[in-house]
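# What the coordinates show
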Amino acid sequence: MFRLGSNRLEAAGTGTAMTAEPSVDDQQAVAVPRRKAVRMSRPMRLLGNLLIVAGVLMLFGIGGWYAYTQWDNQQYEQRLIQKFGPASVNPPVQAAAPEPTATAQAPAPLPVLYNKDIVKGMLGIANKLPTQKDDSPPVRLVIPSVRIDSPVVPVTWNMIPSKNGGSKSEWQVANYAVGHHYGSANPGEVGNVVMSGHVDYKGQVFKDLHLANKGDEVIVYTEKGQYLYVITDMVLVLEDGAPPEAKARNAAYMNPTPDQTLTMITCWPYGIDDHRLIAIAKPYQSTLSTQSEFFIR
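Residues numbered from 1 in each chain as written. Predicted model: local features only at pLDDT ≥ 70, side-chain atom pairs only at ≥ 80, totals over all residues. Heavy atoms only, no water.

## Examining the overall build of the protein chain
Regarding its fold elements, the protein chain presents three helices and 14 strands. A total of 297 residues make up the protein chain; the buried ones form 32% of that total. A sequence separation of at least 24 residues applies to 64% of the contacts in the protein chain between residues at least 6 apart. Total accessible area on the protein chain stands at roughly 18800 Å², and carbon and sulfur atoms take up 59% of it. (Helix = DSSP H or I, 4+ residues; strand = E, 2+ residues; numbered from the N terminus. Buried < 20%, exposed > 50% of the residue type's maximum accessible area, 1.4 Å probe, protein only. Contact = heavy atoms within 4.5 Å. Areas by Shrake-Rupley, 256 points an atom, 1.4 Å probe, with all protein chains shown as cover.)

## Section: unusual backbone geometry
Cis peptide bonds are those with omega within 30 degrees of zero, and the linkage from Trp 268 to Pro 269 qualifies with -10°. Positive phi outside glycine occurs at Asn 90, with the angle close to 45°. Assignment of secondary structure puts Asn 90 in the loop between α1 (24-84) and α2 (118-122). What makes Asn 90 partly exposed here is its relative accessible area of 37%. Positive phi, close to 45°, is recorded for Gln 204, a residue that is not glycine. If you trace the backbone, Gln 204 turns up in the loop between β9 (191-196) and β10 (217-222).

## Quick look at the side chain of Thr 263
Structurally, the position occupied by Thr 263 is in strand β12 (residues 260-268). Residue Thr 263 is classed as buried on the basis of its relative accessible area, which comes to 2%. Reaching out from Thr 263, the side chain makes a polar contact with the side chain of Asn 192 at a distance of 2.8 Å. Setting aside residues no more than four positions away along its own chain, Thr 263 makes contact with Asn 192, Val 193, Val 194, Met 195, Tyr 253, Ile 278 and Ala 279. (Polar contact = N/O pair within 3.5 Å; in protein donor to acceptor, adjacent residues only side chain to side chain.)

## Section: the side chain of Ser 184
Looking at where Ser 184 falls in the secondary structure, it is placed in the loop between β8 (178-181) and β9. On the basis of relative accessibility, which here comes to 16%, the residue Ser 184 falls in the buried class. Reaching out from Ser 184, the side chain makes a polar contact with the backbone oxygen of His 181 at a distance of 2.7 Å. Engagement of the side chain of Ser 184 in a polar contact is seen with the backbone nitrogen of Val 194, the distance being 3.4 Å. Excluding its chain neighbours within four sequence positions, the residues that come into contact with Ser 184 are Asn 192, Val 193 and Val 194.

## Brief notes about the packing of aromatic side chains
Within this structure, the stated rule accounts for three aromatic pairs. Through pairs of rings, three or more aromatic residues link up here, namely Trp 157, Trp 171 and Tyr 182. We note Arg 140 situated over the ring of Tyr 221; from NZ or CZ to the ring centre the distance is 4.6 Å. (Phe/Tyr/Trp six-rings, centres within 6.5 Å; stacked < 30°, edge-to-face > 60°. Lys NZ or Arg CZ within 6 Å of the ring centre and 35° of its normal.)

## A closer look at the pairing of strand β6 (residues 157-161)
Sheet topology places β6 next to strand β7 (residues 167-171); five bridges connect them, and they run antiparallel. Across the sheet, Met 159 pairs through a bridge with Ser 169, a residue of β7. Following β6, the chain reverses through five residues before pairing antiparallel with β7; Gly 165 in that reversal takes a positive phi of roughly 95°. (Pairing = 2+ DSSP bridges.)

## A closer look at the confidence of the model for the protein chain
On average, residues of the protein chain score 77 in pLDDT, and 68% of them reach the 70 mark or higher. Note on residues 1-13: pLDDT is under 50 here. Beyond four places in sequence and across chains, it has 19 contacts. Below a pLDDT of 50 lies the segment residues 95-131, which in the model reaches 46 contacts outside its immediate sequence neighbourhood of four places, other chains included. (pLDDT = per-residue confidence, 0-100.)

## As for a nonpolar patch on the surface
Taken together, the side chains of Met 44, Leu 47 and Leu 51 define a hydrophobic patch exposed on the protein surface, amounting to about 330 Å² of accessible area. Residue placement: Met 44 occurs in helix α1. (Patch = residues over 30% accessible without salt bridge, like charges linked within 9 Å, V, L, I, M, F, W, Y side chains within 5 Å. Salt bridge = Lys/Arg side-chain N within 4 Å of Asp/Glu carboxyl O.)

## Some details on the pairing of strand β4 (residues 138-143)
The pairing of β4 with β10 spans four bridges and is antiparallel. From the neighbouring strand, Pro 138 faces β10, where its bridge partner is Thr 222. Relative to strand β5 (residues 148-155), β4 runs antiparallel, the two sharing four bridges. In the sheet register, Ile 143 faces β5, and the bridge partner there is Ile 148.

## Details of the pattern of salt bridges
Within this structure, the stated rule accounts for two salt bridges. When the shortest N-O distance is used, the salt bridge between Arg 140 and Asp 149 registers 2.8 Å. Taking the relative accessible area as the measure of exposure, Arg 140 reaches 30% and is therefore partly exposed. A relative accessible area of 47% means that Asp 149 is categorised as partly exposed. Put simply, Asp 259 and Lys 282 hold a salt bridge, and the shortest N to O gap is 2.9 Å. Residue Asp 259 is found in the loop between α3 (244-251) and β12, and its partner Lys 282 is found in strand β13 (residues 275-283); the two are separated by 23 residues along the sequence. By relative accessible area, Asp 259 is classed as partly exposed at 33%.

In structure tokens:
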């Protein structure tokens, strides 16, 4: 006697089972999902392969970019040393910017601004030209050789938390403009005119400052006229990760000076920003006079 099972016949009393052959409908029902699975797996495999290739290319691209950046930065340091001497790259801590001393020369008089009566003087009319003092802050900075032309705005500092639980001051950096540090000198005054700007953020006003050379002209505009400076030194110093004494040396470049100085500060290199690039300029006629050269706007 036989009992009908699910797709099989079992022989009663013998324990022997006979499997029934699957029908055509059953074969088609199984084949359809398999074909669908094969069709779906092909694009997934293709996508996976593309992602692998993209990952490999990205790995080589990032690695190549990083290697090139390191090589280019080293080349720039070497060029800076050749142009400005060994002290231009991470100078010793004791080589901080000079501070005013009691023996410093007496302050030079402010530059004289001439009004339109100068035309009469040029015609030979003997008359004393009226003068005025220019004590206005800078409003524009131009370095023609590296195509820097930016407005100048005043900046101060922010108080931020420090690691020891207290707070410390940090200078603001202007967005889309060069910042003139509060408390530093104005153009034409004896002292240090300190300016700073972004290299790779919001305006990138000092993006090409590292391309400047010794002797390049810097024009600083005020509300009444303009002053002409010449770059005399470029200094590259490590800031992020530097010891406290090195950071103090870096900050000393913003100190007041006993003569007329223009100090421009930005980060370096582009996109990494762990160094500070400091460009120092002196009045155009500093070798002949203690005054800046002044031009009427």
